[in-house]
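Residues per chain are reported as follows:
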Amino acid sequence: MTRLLSLCCAAPLCLLAACSTQGVSSDTAELRNMWRFNLVPKSAPAVMINAFDRFCTTGPRDDATLRAAGYVPLPERTPGARAYVIDDRRPAIAVSDKMCVVQAESRTGQTARFQNYVTATYPGARAIDPAPLGKNIEQAWSLPTTPPSLIATERTVSLGWYRYALIHFTPGAT
C-alpha cells in the first residue's frame, strides 16, 4: 500500500518532467494544439466583415494588435508577410505593408454582405474588372483613398473546399 501511494505521488512529477516544453515557444505550442479546421474556419459573414474592418481598413495591421485579439502568427514563409490564426471561428488573417487578407471557408451570405459593406463604407468605390488582378478574383473595387487602394474578393479551392478571401491592397504603401 505504501509503495502504491508513493508511486501515485511520484506519477504527476514524472508526467511533468516528460512533458517539458523546453525549446518550444508558446506560439508553437498553441499552433500544435489548434484544431486544424480552425486554421481557415467557417466564419459567419458578419464575423468576416468585422475582422476585415478592424484589421484591414480601420485598425493597425501590426503584430501587437492581432496578438491582443488572440491571434497567433504562423511561421513566416514569405519575407514581409505574416499570417495569423486563432482557434475559434474567426477568420485567418495575413498582413504585409501593402496588403491585408481575411480568409475563411465559403458560407452563404458572404458575397452579398461584403458588397453591402463596400458600398456603405466606401461610397466613392468604383467597381473594376477583376480579370487582370488574378484568375480567382471575383470582384474588385478601386477606392478613392490616399494612396489609392483596391478591395477585392477571391474564391479558391483547397482540398475540395471553397475558401473566400477579402483583400485590401494598397500598391503605393510604404
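Residues numbered from 1 in each chain as written. Predicted model: local features only at pLDDT ≥ 70, side-chain atom pairs only at ≥ 80, totals over all residues. Heavy atoms only, no water.

Turning our eyes to something else, we now look at the pairing of strand E8 (residues 161-169). Where strand E4 (residues 99-105) lies against E8, seven bridges are found, and the strand directions are antiparallel. Its bridge partner lying in E8, Met99 is registered against Phe169. The pairing of strand E7 (residues 149-158) with E8 spans nine bridges and is antiparallel. Residue pairing for E8: Thr153 is matched across the bridge by Leu166. Between the end of E7 and the start of E8, which pair antiparallel, lie two residues, with Leu159 showing a positive phi angle near 55°. (Pairing = 2+ DSSP bridges. Helix = DSSP H or I, 4+ residues; strand = E, 2+ residues; numbered from the N terminus.)

Membership of the largest hydrophobic core comes to 25 residues, with the highest contact counts inside it found for Phe52, Tyr71, Ile93, Phe114 and Ile151. Sorting the residues of this core by element identifies helix H3 (45-58), strand E3 (92-95), E4, helix H5 (110-121), strand E6 (137-143) and E8 as the ones contributing at least two each. By residue number, the principal contributor to this core is H3, which donates six residues. Of all hydrophobic cores here, the second largest spans six residues; its members include Ile137, Ala140, Ala152 and Ala165. (Core = buried A, V, L, I, M, F, W, Y, C linked by side-chain atoms within 4.5 Å. Buried < 20%, exposed > 50% of the residue type's maximum accessible area, 1.4 Å probe, protein only.)

For the rest of this paragraph, the subject is the packing of aromatic side chains. As enumerated under the stated definition, the model contains five aromatic pairs in all. For the pair Phe52 and Phe114, a centre-to-centre distance of 5.3 Å together with 90° between the ring planes defines the contact as edge-to-face. With Phe52 in helix H3 and Phe114 in helix H5, the pair connects residues that are 62 residues apart, well separated along the chain. Phe114 matches Phe52 in its accessibility class, with the two residues each being buried. Grouped by ring-pair contacts, the aromatic residues Phe52, Phe114, Tyr117 and Trp141 constitute a single cluster. (Phe/Tyr/Trp six-rings, centres within 6.5 Å; stacked < 30°, edge-to-face > 60°.)

This part is about the environment of Ser43. Here Ser43 is to be found in the loop between helix H2 (26-32) and H3. What makes Ser43 buried here is its relative accessible area of 0%. Considered as a pair, Ser43 and Ser106 are 63 residues apart in the sequence and their alpha carbons are 8.2 Å apart. In terms of polar contacts, Ser43 uses its side chain to reach the backbone carbonyl oxygen of Arg89, at 2.5 Å. (Polar contact = N/O pair within 3.5 Å; in protein donor to acceptor, adjacent residues only side chain to side chain.)

Attention now goes to the packing of H3 against H5. Their axes nearest at 9 Å, the elements H3 and H5 cross at an angle of 40°. Regarding the angle of H3 to H5, the classification is oblique. As H3 packs across H5, the resulting crossing turns out to be right-handed. Residues Pro45, Ala46, Met48, Ile49, Phe52, Asp53 and Thr57 of H3 pack against Gln110, Arg113, Phe114 and Tyr117 of H5. Each residue belonging to the contact of H3 with H5 can be placed in one class, and the counts come to seven nonpolar, two polar and two charged. (Axes fitted to C-alpha atoms, helices over the stretch in contact; angles between N-to-C directions. Parallel < 35°, antiparallel > 145°, perpendicular 65-115°, else oblique. Left-handed = near helix turned anticlockwise from the far one by under 90°. Contact = heavy atoms within 4.5 Å. Nonpolar A, V, L, I, M, F, W, Y, C, P; charged D, E, K, R; others polar.)

We now examine unusual backbone geometry. Residue Pro147 is reached from Thr146 by a cis peptide bond, and omega for that bond is -5°. Relative to the elements of secondary structure, Pro147 occurs in the loop between E6 and E7.

With that settled, consider the sheet that holds E6. With antiparallel pairing, the eight strands of this open sheet are ordered in space as E1-E2-E3-E4-E8-E7-E6-E5. Bordering the open sheet on either side are strand E1 (72-73) and strand E5 (126-128), each of which pairs with just one other strand. Across six bridges, E6 lies against E7 in antiparallel orientation. Residue pairing across strands places Ala140 opposite Ala152, the latter belonging to E7.

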